[in-house]
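Observations on chain architecture
So the chains spell out like this:
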Amino acid sequence: MITLPEDYRPREDEDFMNPMQVEYFRRKLLRWQEDLLKEANGTLASLSEGGIMEADITDRASVETDRALELRTRDRARKLISKIEQALLRIENGSYGYCEDTGEPIGLKRLEARPIATLSIEAQERHERMERVHRDD
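Conventions and cut-offs
Residues numbered from 1 in each chain as written. Predicted model: local features only at pLDDT ≥ 70, side-chain atom pairs only at ≥ 80, totals over all residues. Heavy atoms only, no water. Core = buried A, V, L, I, M, F, W, Y, C linked by side-chain atoms within 4.5 Å. Buried < 20%, exposed > 50% of the residue type's maximum accessible area, 1.4 Å probe, protein only. Helix = DSSP H or I, 4+ residues; strand = E, 2+ residues; numbered from the N terminus. Patch = residues over 30% accessible without salt bridge, like charges linked within 9 Å, V, L, I, M, F, W, Y side chains within 5 Å. Areas by Shrake-Rupley, 256 points an atom, 1.4 Å probe, with all protein chains shown as cover. Salt bridge = Lys/Arg side-chain N within 4 Å of Asp/Glu carboxyl O. Lys, Arg positive; Asp, Glu negative; His and termini not counted. Charge placed at Lys NZ, Arg CZ, Asp CG, Glu CD.

Turning our eyes to something else, we now look at the nonpolar core. Ranked by size, the top nonpolar core spans 22 residues in total, and within it M17, F25, L29, I84, Y96 and L111 carry the most contacts. Those elements giving two or more residues to this core turn out to be α1 (19-47), α2 (57-93) and α3 (108-113). Sorting elements by how many residues they give to this core places α2 first, with 6 residues.

Spelled out as structure tokens, the structure:
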């Protein structure tokens, strides 16, 4: 088990994905996953509190709209949790932090901003350009 100082942040002058960096991102991913699961449990609790009791049709519509939005948000969170689990598996197998297309390092700034990233910025841009080209067909 690696001991990280409280104020540790990965730096460009370190070896890429050294044990400290790997542990930093593993913890970051686990905290994110835990936060999402807590939110999801809160949503489940509020949705299971019963049916809509609003007498006024406008109030009822507003509550239904809020619930629908919350369910869409939870669906996005579910997909995000799956991506976090995939990132944790990449940490386990040693491929975390490296681009799936090129094998090159993704980069610390990108991983800090999006720890579930699987592509370098260049590969992501290329992927998005290809999607636009094929979408226009």
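After presenting the structure, the write-up continues.
The grouping of E122, E125, E128 and E131 at the surface amounts to a negative patch. Position of E131 among the secondary structure elements: in helix α4 (residues 121-135). With a relative accessible area of 46%, E131 lands in the partly exposed category.

Looking now at the pattern of salt bridges. For the coordinates displayed, the defined rule picks out 10 salt bridges. The shortest N-O distance in the salt bridge between D13 and R11 comes to 3.0 Å. Residue classification places D13 among the exposed positions, given a relative accessible area of 63%. For R74, the salt bridge goes to E70, with nearest N and O atoms at 3.1 Å. Of the two residues, R74 and E70 are both situated in helix α2; the distance of 4 residues between them amounts to about one turn of the helix. Given a relative accessible area of 14%, R74 falls into the buried group. Judged by relative accessible area, E70 falls into the partly exposed class, the value being 27%. Linked through salt bridges whose partners overlap, the residues forming this network are R11, D13 and E14.

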